[in-house]
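In case you want the letters, here they are:
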Amino acid sequence: MNLKDPESMNVVIGKVLRYGVLLSGAIVVLGTVILVVSNGASETAGFLTYNAGAVPHDGIDVSLAGLLRGLAAFSAFSWIELGVIVLIATPVSRVLISIFLFAAEKDRIYVLITAVVLALLLFSIFVTPSIPGFQA
Amino acid sequence: MFIVEFVLLMFFVSIFAGIFGSIVGLGGGIVVIPVLTILLGVDIHFAIGASIVAIIGTSSGAASTYVKDKVTNLRVGMFLELASASGAIIGAAVAAYTESAALEAIFGTILLISLVPMVIKIGEDIPKSPELRGLSRRLSLKGSYTETDGRVIDYNSTRPVEGLAGTVVAGVLSGLLGIGGGAFKVLSMDLAMKLPMKVSTTTSNFMIGVTAAASAGIYFARGDVDPLIAAPVALGILIGAAVGARILLRSRNTTVRKAFAVLLAIAAAEMILSAAGVLP
């Protein structure tokens, strides 16, 4: 594929999105199968209680260490969480790859625009949750 | 309710949400949220967390088809993402100091008012293409796509600054409430930038995933994304979005506009009723 050809941008971006979605979907399917097999006949009532400021479920925490432990133990919720993380990462990857695609087209303005979008996005995802006063 | 029933119910609801969300560029949250809160009595925080998952899923699931078929305008999308990503950060920063009922009342009313130009343009197929000049020209905010009947539609856009301003509002709304961004994006591209309707909804669809991803960090860190809800929503939405994308490519601009107007009215009503305390 010739990346200088403007047509290729649509093809590459389309593929990034498609593979991201398929990977995420496959992981969530795995988590859902574990969930239904292990807990399908349980009542939802015990699971859908919202505790502000606390993790939603027993045994689930949103930290990286907690997620890795859950994955190793084949915890349904951890696998679903991983699938959701891949889903969130999909549009972010699309923005990242677009920077290179615009660079291949030698479109400097859009390299700059897309790089700024990526910076804003990463700031918003990783930095804002830990700034006190951001979000009640 | 048993977990297996809950999972199946949300799976089918989300297929439906994905179909509509991907066609009108709003992302499916406006279907998922009321089903969770009103029908199933789930806490609004979990519903918004699920809506974030629904929006990202609709966006990426349908965009892979739209981008390949070149209906989405990538440059318009990237340019406006500057505004929506900034808006999302502003929204997150001011959320602690604002009253969400007041915001919903204001934004719901704006959406309701914007129904008027939508309805006036209800029969419009392709807008008269404006002359490409100034910033729009420098940023090559123009494009071309093939219609269902084989016509190749070449179009230009206009008023990029107004488009940016409308999209900042969309981003702020997403950052504040986790919902509602798509409507302002479509309105900005349709009413200000004069893009063909299908270009507006599919480009909005392309962008809402990035805007929702920007807000996802906060919701995820707070534990608002409940895996039990996220799983059936993600799977249903991805299937629905794939179906919706195929439907849109075969639909006329006038049909898409009508569908958008109906869902815009529903979104406005949801916001106003929520502000009034009738809905959670």
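Note that the coordinates shown come from a computational prediction; the quantities given were computed from them, not determined experimentally.

Asker: Hey, could you run me through the overall build of chain A in this one?
Answerer: In terms of helices and strands, chain A carries 4 helices and 0 strands. Its helices and strands in sequence order give chain A the pattern α-α-α-α, from N to C terminus. Counting over 136 residues, chain A shows a buried share of 35%. Contacts in chain A between residues far apart in sequence, at least 24 positions, make up 58% of those at least 6 positions apart.

Asker: How should the overall build of chain B be read in this particular structure?
Answerer: For chain B, the helix and strand inventory stands at 11 helices and 2 strands. Ordered by position in the sequence, the α and β elements of chain B form the string α-α-α-α-α-α-β-β-α-α-α-α-α. Scaling as 2.2 N^0.38, a compact globule of 280 residues should have a C-alpha radius of gyration of about 19 Å, and chain B matches this with 18 Å. Contacts in chain B between residues at least 24 apart in sequence constitute 81% of all its contacts with a sequence separation of at least 6.

Asker: Teacher, can you tell me more about the confidence of the model for chain B here?
Answerer: The predicted coordinates should not be examined in detail at positions where pLDDT is low. Residues and elements named next belong to chain B. A residue-level look at chain B finds 100% of positions with pLDDT of 70 or above and a mean pLDDT of 90. Across chain B, element-level confidence peaks in helix α10 (residues 227-250) with a mean pLDDT of 95 and bottoms out in helix α5 (residues 100-120) with 84. Scoring of the predicted complex yields 0.92 for pTM and 0.92 for ipTM.

Asker: When you look at the interface of chain B and chain A in this model, what are you seeing that I'm missing?
Answerer: Residue-level contacts link 55 residues of chain B with 60 residues of chain A. Every element with two or more residues in the side of chain B that touches chain A is listed here: α1 (3-24), α3 (44-68), α4 (74-94), α9 (197-221) and α10 of chain B. Residue composition of the side of chain B that touches chain A, by class: 39 nonpolar, 10 polar and 6 charged.

Asker: In this structure, what is going on with the pairing of strand β1 (residues 142-146) of chain B? I would like to understand it.
Answerer: Along any regular strand, the residues point their side chains to alternate faces of the sheet. Residues of β1(B) alternate between two faces, with Gly143(B) and Tyr145(B) buried on one and Lys142(B), Ser144(B) and Thr146(B) left unburied on the opposite face. The antiparallel hairpin formed by β1(B) and strand β2 (residues 152-156) of chain B contains 5 residues in its connecting segment, where Gly150(B) sits at a positive phi of about 95°.

Asker: Just to check I follow, could you spell out unusual backbone geometry for this structure?
Answerer: Keep in mind that most residues, glycine aside, have a negative phi and that most peptide bonds are trans. All names here are of chain B. A positive phi angle, near 60°, is found at Lys70, a position not held by glycine. Relative to the helices and strands, Lys70 is located in the loop between α3 and α4. The exposure class of Lys70 is partly exposed, given the 18 C-beta atoms found within 10 Å. Positive phi outside glycine occurs at Lys194, with the angle close to 60°. As for its placement among the helices and strands, Lys194 is situated in the loop between α8 (181-192) and α9. Of the residues examined, Lys194 has 18 C-beta atoms within 10 Å and is grouped as partly exposed.

Asker: What is the right way to look at the packing of helix α3 (residues 76-104) of chain A against helix α4 (residues 108-127) of chain A in this model?
Answerer: To describe two helices that pack against each other, one gives the angle between their axes and the distance between the axes. Residue and element names in this part refer to chain A. With their axes 8 Å apart at the nearest point, α3 and α4 run at an angle of 160° to one another. Relative to α4, the element α3 lies roughly antiparallel. Our pair here, α3 against α4, has a crossing hand that is left-handed. Between α3, through Val92, Val95, Leu96, Ser98, Ile99, Phe102 and Ala103, and α4, the contact on the second element is made entirely by Tyr110, Val111, Thr114, Ala115, Val117, Leu118 and Leu121. In the contact of α3 with α4, the residues fall into 12 nonpolar, 2 polar and no charged.

Asker: Teacher, can you tell me more about the packing of α4(A) against α4(B) here?
Answerer: Orientation of α4(A) relative to α4(B), taken along the N-to-C sense of each, is 25°, at an axis distance of 9 Å. Comparing the axis directions of α4(A) and α4(B) gives the class roughly parallel. Crossing hand, α4(A) versus α4(B): left-handed. Every residue of α4(B) that contacts α4(A) at Tyr110(A), Ile113(A), Thr114(A), Val116(A), Val117(A), Leu120(A), Leu121(A), Phe123(A) and Ser124(A) is listed here: Arg75(B), Met78(B), Phe79(B), Glu81(B), Leu82(B), Ala85(B), Ser86(B), Ala88(B), Ile89(B) and Ala92(B).

Asker: Explain helix α7 (residues 160-177) of chain B to me, please; I cannot follow it from the model alone.
Answerer: Given 3.6 residues to a turn, an α-helix orients residues that are three or four positions apart in the same direction. Residues and elements named next belong to chain B. With 18 residues, α7 ought to run about 26 Å at 1.5 Å a step, and its terminal C-alpha atoms sit 26 Å apart, in line with that. Most of α7 is tucked away, with 15 of its 18 residues classed as buried. Where α7 terminates, the next one or two residues include Gly178, which has phi positive at roughly 80°.

Asker: Before we go on, may I ask you to explain the pairing of β2(B) in this structure?
Answerer: When β1(B) meets β2(B), the two strands line up antiparallel, connected through 5 bridges. Residue pairing for β2(B): Ser144(B) is matched across the bridge by Asp154(B).

Thresholds, definitions, all that
- Sequence order as written defines the numbering, with residues in each chain counted from 1.
- Throughout, the order in which chains and ligands are written sets their labels, letters from A for the former and numbers from 1 for the latter.
- Confidence filtering applies because this is a predicted model: local features only for residues at pLDDT of at least 70, side-chain atom pairs given and counted only at 80 or more, and all residues used for totals across whole chains, interfaces and linings.
- Under the scheme used here, helices are H or I runs from DSSP no shorter than 4 residues and strands are E runs no shorter than 2 residues, and both carry numbers assigned from the N terminus.
- Exposed residues have 12 or fewer other C-beta atoms within 10 Å of their own C-beta, buried residues have 20 or more, and residues in between are partly exposed; the C-beta atoms are placed from the backbone.
- In this description, a residue-residue contact is defined by the distance between C-beta atoms placed from the backbone, which must lie within 7 Å.
- Atoms considered for the radius of gyration are the C-alpha atoms alone. The globule rule reads 2.2 Å times the number of residues to the power 0.38.
- Per residue, pLDDT captures the predictor's confidence, and it can take any value from 0 to 100.
- We call Asp, Glu, Lys and Arg charged. Ala, Val, Leu, Ile, Met, Phe, Trp, Tyr, Cys and Pro are nonpolar, and the rest, Gly among them, are polar.
- Two strands pair under a simple rule: DSSP has to find at least two bridges between them.
- Between N-to-C directions, angles cover 0 to 180 degrees, with each direction set by a line fitted to C-alpha atoms, over the stretch in contact for helices.
- Angular relationships are summarised with four words: roughly parallel below 35 degrees, roughly antiparallel beyond 145, roughly perpendicular across 65 to 115, and oblique for the angles in between.
- Left-handed describes a crossing whose near helix is turned anticlockwise from the far helix by less than a right angle; the clockwise case is right-handed.
- Here the expected span of a helix is defined as 1.5 Å times the quantity of residues minus one.

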